[in-house]
Amino acid sequence: MASPCAEDNESANTIRATKGSKTIFQDYLNEKELKFPEKSEELAVILPKFYSEVRKKDGSKYTKNSLCALRFGLNRHFKALLHIDIIKDKAFDRANKAYEAECVNLKSIGLDKPGHKPPISDADIKRLYECGLFDTDSPNTLQNKVFFEIMLYFCRRGRQNLRQLKKDDFVIKINPQGQKYVVKTGDTTKLDDGEEGGMMIAGGGPLCPVYSFEKYLSHLNPVNKFLFQRPRENCPSDGIVWYDNNVVGENTLGKKMRVLSVQANLSVEYTNHSIRATTITILNRYGYLAKHIMSVSGHKNESSITKYCNRTGQKTKTKMADCLMNIIEHTKKCPEPVDNKSAANTFPSQVEFSTNLNPRILLAVVSS
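Residues numbered from 1 in each chain as written. Predicted model: local features only at pLDDT ≥ 70, side-chain atom pairs only at ≥ 80, totals over all residues. Heavy atoms only, no water.

With the rule as written, the count across this model stands at one cavity of 30 Å³ or more. A volume near 30 Å³ is recorded for the largest cavity. Around the largest cavity sit Tyr51, Val54, Lys61, Tyr62, Leu67, Glu102 and Leu106, which together line it. Of the residues contributing to the lining of the largest cavity, the split by class is five nonpolar, no polar and two charged. (1 Å grid on protein atoms, 1.4 Å probe; cavity = no way out; pocket = protein on both sides within 12 Å on 5 of 7 lines; lining within 4 Å. Points joined across faces, edges and corners; volume = space filled by probe spheres on them. Nonpolar A, V, L, I, M, F, W, Y, C, P; charged D, E, K, R; others polar.)

See the structure below:
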């Protein structure tokens, strides 16, 4: 049974999606100089052309999944407004055929699958840690670092439940080797498609994610139970409380990685989901088995993570190009191939795997 909080979130998301569909439809009507339909007959005439002609603001077509979501949103809207069902009612047979034809067209041009966000390159990760945006001596930059590392180590989705995260959703423990580590607990650990199983483990040094997390917790506003609180302006670094009794907005958190990309002048404007892709890509690069990666990412089957693991990195492509050039020149020996098997020799799959992204992997990327 879904919790009241989950139901509220679902309701809010549904309302937002319905409103978005209505806005897109209204923009289309305005562009075509058409009045908003007040009867099913009027709507049945407009929808066939709408499905084939609707475009994003940049003029490109929507993907098949986006068009489907748009149609469902409009159906909810017109059910509430006119008590009609644009999917099941007989009056909309022609519109439904036009929708199906457009879906076939979108599939033929490769828009039947969602676009997957690219992982963050090693160079851009290094840039993030070196440019000052992850310093731990100010409220904003400390929060940047903690946000990024929570997304990375726990392999979280783009904006899912970020605003609802609370301080007590995480706990700091000590393992038998005496290392501190952070794991997620509480009622938000279980998601629709599995459980989050990542952890942050102390690696020592200024880049240590556990040190940053502990420091962040120590400066949060004690009155506020949420994890991401609004940083105080002009807050002295020697102050105890660095954050206001306000939660950071959902949109601000949802666009966090985009903003960091611009501020750090990264090579690509990444999204929050790119951090999740980075986690899976790094673990795959170092030879961890799919089932182990899934224990961190929460995916239910291996096919779900192949879209992340089938990418060929820039370093490998460079070595491939060098190999071809060397054959032509007959002057050099081809570089050794890079693949998961060679990586697995360095990180044997037989080793007992604890569900964490080892900070040494990240530190190696940052300090290289």
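Take the packing of aromatic side chains next. The tally for this structure, following the rule as stated, stands at 14 aromatic pairs. Seen in terms of ring centroids, phenylalanine 154 and phenylalanine 170 are 5.4 Å apart; in terms of plane orientation they differ by 70°. Their pairing is edge-to-face. Here phenylalanine 154, found in the loop between helix 6 (139–153) and strand 1 (170–174), pairs with phenylalanine 170, found in strand 1; they are 16 residues apart in sequence, far enough to count as distant. For the pair formed by phenylalanine 154 and phenylalanine 170, the shared burial category is buried. Their ring planes at 70° and their centres at 5.2 Å tell us that tyrosine 216 and tyrosine 243 sit as a pair that is edge-to-face. Here tyrosine 216 is found in helix 7 (residues 209–219), whereas its partner tyrosine 243 is found in strand 7 (residues 243–247), with 27 residues between them in sequence. One exposure class covers both tyrosine 216 and tyrosine 243, and it is buried. By way of ring pairs, the aromatic residues Phe25, Tyr28, Phe36, Phe50, Tyr51, Phe78 and Tyr99 are connected into one cluster. (Phe/Tyr/Trp six-rings, centres within 6.5 Å; stacked < 30°, edge-to-face > 60°. Helix = DSSP H or I, 4+ residues; strand = E, 2+ residues; numbered from the N terminus. Buried < 20%, exposed > 50% of the residue type's maximum accessible area, 1.4 Å probe, protein only.)

Let's shift gears to helix 3 (residues 64–82). Compared with the 27 Å implied by 1.5 Å per residue over 19 residues, the 26 Å span of helix 3 between its first and last C-alpha is a close match. Taken as a whole, helix 3 has its buried residues at Leu67, Leu70, Arg71, Gly73, Leu74, Asn75, His77 and Phe78. The first or second residue beyond helix 3 is histidine 83, which carries a positive phi of 60°. (Expected span 1.5 Å × (residues − 1).)

Time to look at the pattern of salt bridges. As enumerated under the stated definition, the model contains ten salt bridges in all. One salt bridge in this structure joins aspartate 85 and lysine 79, with 3.4 Å as the shortest N-O distance. Residue class for aspartate 85 comes out buried when judged on its relative accessible area of 10%. As a salt-bridge pair, arginine 285 and aspartate 122 come within 3.0 Å of each other at their nearest N and O atoms. One end of the pair, arginine 285, is in helix 10 (residues 272–285); the other, aspartate 122, is in helix 5 (residues 122–130), with 163 residues separating them in the sequence. A relative accessible area of 35% places arginine 285 in the partly exposed class. (Salt bridge = Lys/Arg side-chain N within 4 Å of Asp/Glu carboxyl O.)

What follows concerns the pairing of strand 1. By the bridge criterion, five bridges tie strand 1 to strand 2 (residues 180–184) in an arrangement that is antiparallel. Residue pairing for strand 2: lysine 173 is matched across the bridge by tyrosine 181. Between strand 1 and strand 2, which follow one another and run antiparallel, lie five residues, and glycine 178 among them has a positive phi close to 85°. (Pairing = 2+ DSSP bridges.)

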